Amino acid sequence: MELPVVVGVDGSEAGLEAVDWAADEAVRQELPLRLVHASLWEHYEGMSPSFGDRRPSERVRAENIIAEAVERAEARQPGLKISSNIIVEGAVTALVEESVRAYAVVVGHRGRGELTGLLLGSVGLGVAARARGPVIVVRGAVENRQDAYHRVLLGVSGVSAADASVDFAFRAADRRGARVEAVHAWRCPDHESTASFDTAREHLRRAETTLTDAVRDVAALYPKVTVDRVPVEGLARKALLDAAVTADLLVVGAQRRQGRSLGLQLGLVNHALLHHAACPVAVVPQP
């Protein structure tokens, strides 16, 4: 069964940019595209009787939004297999449910009605925090969204050498003809801030080992993908944000909260990336 690339559409400019990106990604991954618009119109207008062909105004608006998105995807990628649906549900709930049966869920970085000062809309953050599969928040300049740099950035935390994000990053790079740059940030603990050069070199060696262990098995499955292992001294969020300026996609993992069936531990680093990264960000939950 082919799992589709699902994209949430809301009629906003950021949402239409997400449609463009998702259509391109579906073609790269040789997968169908599914366009989803979530609307609670029925909850507000469904109690009013409808006579003849008259339809609630919000239903018409929802149909127009999804039709525009379908037309845009068809124009961008002719021949792409596309399906669409209007779901009477809140946007976050609908897209989280879609994530169970999707290769990835794609959303814009800000939706309709979001305050212009927001760096990431509430829907994008909510879906990224609760989805059962990978979520991609489309952001950044045109060059970053259109694979101008041939570079997929992978944040390696060292939590697990079998991180699902590693496989996701290598597959994305393979389909783009891009290289993977695996980044792991390291720092000497505060009590070692005045440590000797040998101690700092030991921390660097551990970071290099973490990178090698994290990508070794998956890299063997993608022999055509070049891998750069980059240990960086400093804060992880700064290292990844700096590197994302010239990346086509930034991939990071997320741990599931202990003892809960839903919800991811996004952490401070992932929050910073989702709000500030200069390229699309993929958050990939651990199995």
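Residues numbered from 1 in each chain as written. Predicted model: local features only at pLDDT ≥ 70, side-chain atom pairs only at ≥ 80, totals over all residues. Heavy atoms only, no water.

Some thoughts on the overall build of the chain
No. 1: In terms of helices and strands, the chain carries ten helices and eleven strands.
No. 2: Taking all contacts inside the chain whose residues are at least 6 apart in sequence as the whole, residues at least 24 apart take part in 79%.
No. 3: When the accessible area of the chain is evaluated, it comes to approximately 14100 Å², of which 51% is carbon and sulfur surface. (Helix = DSSP H or I, 4+ residues; strand = E, 2+ residues; numbered from the N terminus. Contact = heavy atoms within 4.5 Å. Areas by Shrake-Rupley, 256 points an atom, 1.4 Å probe, with all protein chains shown as cover.)

Side note on helix α9 (residues 236–244)
No. 1: Taken together, the buried positions of α9 are occupied by A239, L240, A243 and A244. On an axial view of α9, the arc spanned by its buried residues comes to 125°, and they lie on one face. (Buried < 20%, exposed > 50% of the residue type's maximum accessible area, 1.4 Å probe, protein only. Arc of directions from axis to C-beta.)

Brief notes about unusual backbone geometry
No. 1: Despite not being glycine, E30 has its phi angle at roughly 55°, a positive value.
No. 2: Turning to its location among the elements, E30 is positioned in the loop between α1 (13–29) and β2 (33–38).
No. 3: The backbone of D147 sits at a positive phi, close to 60°, despite the residue not being glycine.
No. 4: Overall, the relative accessible area of 13% leaves D147 in the buried class.

As for the packing of helix α4 (residues 91–99) against helix α5 (residues 122–130)
No. 1: Across the interface, α4 lies against α5 with an axial gap of 9 Å and an inter-helix angle of 35°. Our pair here, α4 against α5, has a crossing hand that is right-handed. Mapping the contact onto sequence places A91, V92, T93, L95 and V96 in α4 and S122, V123, G126, V127 and R130 in α5.
No. 2: Class assignment of the residues belonging to the contact of α4 with α5 gives a composition of six nonpolar, three polar and one charged. (Axes fitted to C-alpha atoms, helices over the stretch in contact; angles between N-to-C directions. Left-handed = near helix turned anticlockwise from the far one by under 90°. Nonpolar A, V, L, I, M, F, W, Y, C, P; charged D, E, K, R; others polar.)

Some thoughts on the packing of α1 against helix α3 (residues 57–76)
No. 1: Where α1 meets α3, the axes come as close as 9 Å, and the angle between the chain directions of the two elements is 40°. Viewed along their axes, α1 and α3 adopt a mutual orientation that is oblique. Crossing geometry of α1 relative to α3 is assigned as right-handed. Along the contact surface, α1 presents E13, L16, E17, V19, D20, A23 and D24, while α3 presents E68, A69, R72, A73 and R76.
No. 2: The class makeup of the residues in the contact of α1 with α3 is five nonpolar, no polar and seven charged. (Parallel < 35°, antiparallel > 145°, perpendicular 65-115°, else oblique.)

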